[in-house]
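# A structural walkthrough
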Amino acid sequence: MPVDLQRRRFVLAGGAALAGGSLGLSLRQLVWAEAAGADVLPPPGPAPVYQGFEDLYRAQWTWDSVVKSTHIVNCWYQRGCAWDVFVKDGIVWREEQSGVYEPTDPAVPDYNPRGCQKGGCYSQRMYDEGRIRYPIKRVGARGEGRWQRVSWEEGLREVADRIIDALVEDGPGSVVWDGGTASSGGGHGTGVFRGAHVLDTPLLDVNSDVGDHHPGAQATVGKISFSGSMDDFFYSDLILIWGGNPVFTQIPNAHFLNEARYNGAHIVTIAPDYSASAVHADEWIPVSVGTDAALALGMCRIILDEGLEDRAFIAEQTDLPLLVRTDTGLFLRASDLEEGGADDRFHVWDTGSDSLRRCDHRSLVLDRVQPALEGEYTVATPGGEVTVTPVFALLKRHLADYDAARVQAITGVGARTLAALARRIATAKAAAMVTQSNFSKFYHGLEMERCQILLMTLCGQIGRKGSGIVGFPALSIAGHETIAVSDGGFSPQIGALLLQIKNTPRALQWKMAGHTDEMIVYELAREAYRSGAHLPSNLYWYRFGLGSLLGSSARWDPTMQRELDAFLQEAYAKGWQIEPPTSRQRVFLEVGGNILRRTRGYNRLYETFVQELDLLVTLDWRMSNTALHSDYVFPAAGWYEKDDITWATPLAPYAHIVSQAVPPLGESKSDWAFVALLLKTIQQRAIERGIRDFVDRAGKSRRLDEVFDEFGFHGRYDEHSDQQLLTDILEMTTNLGGIGWEELKRKGFARYTGLDISLINTANATDIAPDATITANTWHTEKKLPWPTLTRRIQFYIDHPFFMEQGEQLPTHKDSPAIGGDHPLRMTGGHTRWSIHASWRDHPNLLRLQRGEPTIFINSDDARQRGIADGDLVRVFNDIDSFETRAMILSGLRPGQLMQHHAWEPYQYRDGKSYAAVTASPINPLQLAGGYFHLQPLPLAATPGPSDRDTRVEVERVEGA
Amino acid sequence: MSEASLTGREVNGGIVKPKRQLAMVFDLNKCLGCHTCAIACKTQWTSREGMEGQWWAVVNTMPGQGTPRGWEQMGGGFDAAGEARPGLIPVREEHGEAWQFNHAQMFFGGEGKHSHLQPVTARERPPAWGPNWDEDQGDGTYPNSWHFYLPRICNHCTHPACLEACPRGAIYKREQDGIVLIDETRCRGYRMCMEACPYKRIYFNHVRQIGQKCIFCFPRVEAGVAPACARQCPGRLRFVGYLDDEAGPIHQLVHRFRVALPLHEEYGTQPNVYYVPPLSPPRIDADGNAIEGSRRIPTEYLRSLFGAGVDEALATLEREMAHRRAGGKSELLDTLIVYRWPEGMFPDFPNGPADVPGGFHAR
């Protein structure tokens, strides 16, 4: 029922009420019940008596219209909540969760109501003092906050001119975009991607930039974006919260964990600190910072010692039966056995026939083969006999190092607890792991993830209802992505078809070679990556401003035999990693992120990267630190002021929209409109300046005076086309049940009906049924489709030269290097409950529920030893730098640990220096590996990430503060 | 409502009860400490002038000083003989005031490099307390540290000390649902209610010079919509209903299963918010092993909050959970799980505000 109709009927009834006193009131309710539909119950109890003081409050609870919306911000694991936005007198009064998700599986709790306190106050955020209302141009020193208000035309004209200069003089590699973490599936994402594509200007790959790239998952299962649904945990009888703090970072999801516990699941939280997620656990296992790999390996050893491993699962799904040459330490490949043999075909020893068997790379079905897991075998090769042994045997030998006593010495976990947990995991009907993106950010995080996967895999706890691990959860509308890159001379639909035709011969070739659809998607993504559409961020920062920090690995890591730069040069020379542009960086377009907040060592960029730019341009609705330091800031429309659609995750498998409840505040515009106007202005200025062409990065000439025509499909889209674009996008979308934009806007969300084929979706490798929870990776465990790794199995043995050089062929624990110097405290991090990145970090009401300014957490003993009292101003320092903040003393923090919640803006600190100033974040050379089927750069993964966790620091009280 | 209403007052040694009483049960084993309740209430009711520092719904980390600071030591309520206990009136600093920030100067006033974004109190000092100042700080010695979250609102007591204390008769308890309200048109700001309330859930509006507190979202309740703090709670832990509804979750949890207990019953006001007490992970010995069967939250502490009934409530929860793990059925756990929202949480309040015409209460 449209709201205006409801209102009209109500007004009629209201007239009756005036005439009829109490009779009128009951009439009014009658009419309302009729108008609102039969499933709405009449109010309980007697009708309100409309007189006196109570009416003052009743009068506040009125509104003019309701619109469906959400918040396009990357809250990731918890993202996707349906909200009703209430408008009164032309402004947004408040928002409240719709709470209308239909039950899926009748035996499990439903998804209602979702939401969190951040989403619940965006109506205040959008009108607060930090909101950017007009285009502004810097007139003071950078970062000072002195601006001149300019018109959109004036501002865009200068930005367009500088971009044209850069394109013509230094080429498209000198203009870089950051789409940030706020990217959407509609106008924002499509606009930015298409704008960058048309200009051949690269985008930063934000995912490895921020350390959400899950290098251990990539190395082990060949992909990162897989996850089940949150309600699938209701089928678990053991849940490990390990490497995340879902009570902080999955507020709308967390009820499923507590409800699973009431349903009989045993919840174990493993973390150094007594986190909010430990509060409701059945067991909390405190572990020393950075030792999670050793903990997992200790349990793996117990499982093998006690014979608790799931041998059938291991034999079928993993590389543990694959044979390795004892002489070289390399897998025994077909190329070892015969002239011209493939180097990606592998072997097992069949105990039935007592002979060597080549693995089927097209299927995991073993047929009648019974692979040996132990023993040594002799194989004849053209070069003579070689001895081979299964990976499992090597693993078993390797695990001998992880006896309970050593593991306790490393991790602090007692032998009894270790063994009890190992047995629980091995014997659980369905064990699931709530792991988030914390380990990605450790220097040896790759190993922590590998070891966790090994533990779960040995027990067969993968790809069954209620079991499994969460990788990088992601799910998006699919089928429309080509709009960003297709030829503007055709309609988006025809463009998609043309691209499909173009890719078909290669896809067929791969298919013939035994690739699954999943692998083909990754091959195409790798190709796009190689073409330079995305820049691996940390390699970009290594080149443009942070080389001395990111490249300092050998200074801290005692296991490195050579400098990181040597690894890097080798990786570039062999084409293992993509080299960033060499041209001077001239224009940087920040259109959804905040590089001068999120980049570890960001403060170095003021003097290097930013200094050399012609222009730093930001589009945002709030004043980020990047905006504050920009030359131009353009006002973006708020989330209740525009139409768009967001991506999701399988955890909450619903596509949500934002829709326009009120017009954009001040002169703000949608993200789509910004990109469209920028391209339009570039075209116009190119014509006015008589510049016809520019040369793209492939050396081909492109028309500059037609970039907007190309961008807008020759008149199909302009800056006002948000709705048309969304209509087209949904027409092309294949995994949302055919819902159109208008219907979606009315409902606010729709449940996904499938994955279709797309980079992030396909990795979930599962079907989505309307009445069932989602379990990831069942295509592998049930349909026996190969895993997208080199060996086509869950791969624990990596015989890549860099892994072998570092002695990490098998999952291994390595002590964290003393990054930052010889200091006693280990600074860890994590996301707070109080903000999504920096988007709510400076919101007055949320700050009032904290301490109003940045804090760092310290254990009571560590504080006492240093004479630090709760609330004291302290200086945190190491060999890299220092910063000042307020100390907060937590009894639940591990002694020696210092916990820094992320995303405070640097301008919230004295001297503008935040915790990111002390992080060196060196690159681990393993993350430069490439040329190894599943270890090759592609968007989201297989490029180097940061390593800020476990940075060594010391802290002291600031005297006189 | 009538000035002469006796509902909620002691008359001849008995308390005059309303026809029905609305109540809430908060399941502390589901509370995330996320403060969505606090923000839901803030955006709904307390953004107007003089209300900036009011948080009708708060979440306190326990053990802790809470909101206002040290409220458990501020007195009020009634003693065992039913006599009013003396109390303190919390001041603005104890509640935690609405600090101001220098966004405008930093972002647009040229101060960006010369200062930093910071809070300042009305006395132009850095803040020393706030409504959630001791969040997650807890107690105990690592690794046997412990804390939990305690959401609090006005208890809409059966015998409200605030009501009895108001010399203006400005506080009343609604006949139809037992909601306790301060009539802002009668209130003259004497603050005796703030002194009398043992839970210290009444704020003083320094601009309008009146007392203000949680209204149990009565305009929503009248439209069949649950209070904002409850309906917006993503942890699904705030059950709402009438105490006399024997089929409803409130009656079941309070009276049938006896796992939901009042907070500080000894304060004597007969509160109508009940709590399912928190379980906690076992303590850890010197060798880093869990001590099976131990609770890290001292039961004695829980007794001090929820009374002697806490032992039985915890034992019931532990017994039912063990039974469930062994494959058994449990009506209690099914009630706490809440398979279907909103029916399972607030069966009498199934509407969302968007189901209600925006002019439902317009006159």
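Bear in mind the structure is a predicted one, so any value in this text is a computation, not a measurement. Counting restarts for each chain, with residues numbered from 1 along the sequence as it is written. For naming, the first written chain is A and the first written ligand is 1, with later ones following in the order written. Selection of residues for local features in this predicted model requires a pLDDT of at least 70, selection of side-chain atom pairs for listing and counting requires 80 or more, and totals for whole chains, interfaces and linings are taken over all residues.

## Some remarks on the overall build of chain A
The secondary structure listing takes helices from DSSP runs of H or I that are at least 4 residues long and strands from runs of E that are at least 2 residues long, numbered from the N terminus. When helices and strands are tallied, chain A shows 37 helices and 32 strands. In this setup the radius of gyration rests on C-alpha atoms only. A globule is expected at 2.2 Å times the number of residues raised to 0.38. Against the globule reference of 30 Å for 961 residues, chain A gives a C-alpha radius of gyration of 29 Å, in line with a compact fold. Principal-axis analysis of the C-alpha atoms places the extent of chain A at approximately 100 × 75 × 70 Å. For the exposure call, what matters is how many other C-beta atoms sit within 10 Å of a residue's own: 20 or more marks it buried, 12 or fewer exposed, and in between partly exposed, using C-beta atoms placed from the backbone. When burial is assessed residue by residue, chain A has 64% of its 961 residues classed as buried.

## Examining the overall build of chain B
The helix and strand inventory of chain B stands at 11 helices and 14 strands. In terms of C-alpha radius of gyration, chain B reaches 21 Å, essentially the compact-globule figure of 21 Å for 363 residues. Reported as C-alpha extents along the three principal axes, the dimensions of chain B are approximately 60 × 60 × 45 Å. Taken over 363 residues, chain B has a buried fraction of 60%. A separation threshold of at least 6 residues defines the contact pool for chain B, and within that pool the share at least 24 residues apart is 64%. Contact between two residues is assigned when their C-beta atoms, built from the backbone, lie within 7 Å.

## A look at the nonpolar core
The nonpolar side chains of soluble globular proteins are, as a tendency, buried together. In terms of nonpolar packing, the biggest core is built from 402 residues, with Ile239(A), Leu240(A), Met299(A), Ile425(A), Ile858(A), Val25(B) and Ala57(B) touching the most fellow members. Top contributing element to this core by residue count: helix H29 (residues 671-689) of chain A, with 10 residues. Domain borders in the structure are assigned automatically or taken from a domain database. Residues from two domains meet in this core; each of domain 2 (136-212 + 475-528 + 615-762) and domain 3 (223-238 + 286-431 + 441-473 + 781-805) of chain A gives at least three. Those residues in contact with Leu240(A) that lie beyond four places of it in its chain are Val268(A), Ile270(A), Ala431(A), Met433(A) and Val434(A). We define a nonpolar core as a collection of buried residues of the types Ala, Val, Leu, Ile, Met, Phe, Trp, Tyr and Cys that are connected via C-beta atoms lying within 7 Å of each other.

## So, the sheet that holds strand E14 (residues 377-381) of chain A
Residues and elements named next belong to chain A. Spatially, three strands are ordered E11-E15-E14 in an open sheet, and the strand pairing comes out antiparallel. Of all the strands in the sheet, just strand E11 (323-325) and E14 have a single pairing partner and so form its edges. For this sheet the average axis-to-axis angle between neighbouring strands, irrespective of direction, equals 45°. Strand pairing is assigned whenever DSSP detects at least two bridges linking the two strands. Inspection of the sheet shows E14 paired to strand E15 (residues 384-390) by five bridges, in the antiparallel sense. Bridging from a neighbouring strand, Tyr377 pairs with Val388 of E15. Where helix H15 (residues 391-399) meets the sheet, its contacts fall on E11 and E15, and the angle it forms with E15 comes to roughly 60°. Here the axes come from fitting lines to C-alpha atoms, over the contacting stretch only for helices, and the angles between their N-to-C directions go from 0 to 180 degrees.

## Notes on helix H31 (residues 722-732) of chain A
All buried positions along H31(A) are accounted for by Asp722(A), Leu725(A), Leu726(A), Asp728(A), Ile729(A) and Leu730(A). As for H31(A), its buried residues are in contact with helix H6 (187-199), helix H19 (492-512), strand E22 (644-645), H29 and helix H32 (741-747) of chain A.

## Things to note about the pairing of strand E29 (residues 873-877) of chain A
Residues in a regular strand point their side chains to alternate faces of the sheet. All names here are of chain A. Taking every second residue as pointing to the same face, the buried face of E29 carries Val874 and Val876, while none of Leu873, Arg875 and Phe877 on the other face is buried. Two strands pair when backbone bridges link them, and E29 and strand E32 (residues 951-957) are joined in this way by four bridges, in the antiparallel orientation. When the bridges of E32 are listed, Val874 appears paired with Arg957.

## Things to note about the environment of Gln660(A)
All names here are of chain A. Of note, Gln660 is situated in the loop between strand E23 (654-658) and H29. What makes Gln660 buried here is the crowd of 21 C-beta atoms within 10 Å. The spatial distance from the C-alpha of Gln660 to the C-alpha of Gly592 is 19 Å, given a sequence separation of 68 residues. Discounting residues that sit within four places of it in the chain, Gln660 has contacts with Glu641, Lys642 and Asp643.

## As for the pairing of strand E1 (residues 65-69) of chain A
Residues and elements named next belong to chain A. Within E1, four of the five residues are buried, which leaves the element mostly enclosed by the surrounding structure. Across five bridges, the pairing between E1 and strand E2 (residues 83-88) is antiparallel. The residue bridging Lys68 from the neighbouring strand is Asp84, located in E2.

## Considering the interface of chain B and chain A
In this complex, chain B contributes 95 residues to the contact, which on the side of chain A involves 108 residues. Mapped by element, the contributors of at least two residues to the side of chain B that touches chain A are helix H1 (36-45), helix H3 (103-108), helix H6 (218-221), helix H10 (309-325) and helix H11 (331-337) of chain B. In terms of residue count, H1(B) provides more of the side of chain B that touches chain A than any other element does, seven residues in total. Basically, the charged four are Asp, Glu, Lys and Arg, the nonpolar ten are Ala, Val, Leu, Ile, Met, Phe, Trp, Tyr, Cys and Pro, and anything else, Gly included, counts as polar. The residue inventory of the side of chain B that touches chain A, partitioned by class, reads 44 nonpolar, 31 polar and 20 charged.

## Quick notes on the sheet that holds strand E3 (residues 22-27) of chain B
Residues and elements named next belong to chain B. Across the sheet, four strands lie side by side as E12-E3-E14-E13; this open sheet has mixed pairing. In the strand order of this sheet, the two ends are held by strand E12 (238-242) and strand E13 (261-262), each with one partner. Both E13 and strand E14 (residues 273-276) contribute to a ladder of two bridges, which runs antiparallel. Among the inter-strand pairings, Pro262 is bridged to a residue of E14, identified as Tyr274.

## Quick notes on the environment of Gln54(B)
When you line up the elements, Gln54(B) lands in the loop between H1 and strand E4 (58-62). For the pair formed by Gln54(B) and Gly96(B), sequence separation is 42 residues and the distance between their alpha carbons is 8.7 Å.

## Overview of the packing of H19(A) against helix H20 (residues 517-530) of chain A
For any two helices packed against each other, one specifies the crossing angle of their axes together with the interaxial distance. All names here are of chain A. Between H19 and H20, the least distance of the axes is 10 Å, while the angle of their chain directions is 130°. The orientation of H19 relative to H20 falls into the category oblique. The interaxial crossing formed by H19 with H20 has right-handed handedness. From H19, Asn503, Ala507, Trp510 and Lys511 reach across to H20, where they touch Met519, Ile520, Glu523 and Leu524. Residue classes in the contact of H19 with H20 are distributed as five nonpolar, one polar and two charged. Angle categories are assigned with fixed cut-offs, so that under 35 degrees is roughly parallel, over 145 is roughly antiparallel, 65 to 115 is roughly perpendicular, and the rest are oblique. When the near helix sits turned anticlockwise from the far one by under a right angle, the crossing is termed left-handed; a clockwise turn instead gives a right-handed crossing.

## Some words on the packing of helix H12 (residues 292-305) of chain A against helix H18 (residues 445-458) of chain A
Residue and element names in this part refer to chain A. Relative to each other, H12 and H18 sit at 25°, their axes nearing to 8 Å. Between H12 and H18, the angle is such that the two are roughly parallel. When you trace H12 past H18, the crossing you get is left-handed. The segment H12 lies against H18, with Asp292, Ala293, Ala296, Leu297, Met299, Cys300 and Ile303 engaging Glu447, Met448, Cys451, Gln452, Leu454, Leu455 and Leu458. Class assignment for the residues of the contact of H12 with H18 results in 11 nonpolar, one polar and two charged.

## Focus on the confidence of the model for chain A
pLDDT is a residue-level measure of predictor confidence that goes from 0 to 100. Of all residues in chain A, 95% attain a pLDDT of 70 or more, and the chain-wide mean is 94. Long-range and interchain partners of residues 1-40 of chain A, a stretch whose pLDDT sits below 50, account for 43 contacts in this model, where long-range means more than four residues apart.

## Notes on the confidence of the model for chain B
Taken as a whole, chain B shows an average pLDDT of 96; of its residues, 99% reach a score of 70 or greater. Here the predicted complex carries an ipTM of 0.98, next to a pTM of 0.95.

## Thoughts on helix H9 (residues 299-306) of chain B
All names here are of chain B. Listed in full, the buried residues belonging to H9 are Leu302, Leu305 and Phe306. All buried residues of H9 fall inside an arc of 75° around its axis, so they share one side. Looking at the buried positions of H9, the neighbouring elements they touch are E13, E14 and H10. Following H9 by one or two positions, Gly307 adopts a phi angle in the positive range, close to 85°. In this context, the arc is that of the directions from the helix axis out to the C-beta atoms.

## Points about unusual backbone geometry
Here the amide bond leading from Asn112(A) into Pro113(A) is cis, since omega sits at -5°, within 30 degrees of zero. When you line up the elements, Pro113(A) lands in the loop between strand E3 (91-97) and helix H4 (122-125). A cis geometry characterises the amide bond from Met62(B) onward to Pro63(B), with omega recorded as -5°. Positioned with a positive phi, Asp354(A) is a non-glycine residue whose angle comes to about 50°. Assessed through the 9 C-beta atoms surrounding it within 10 Å, Asp354(A) is described here as exposed.

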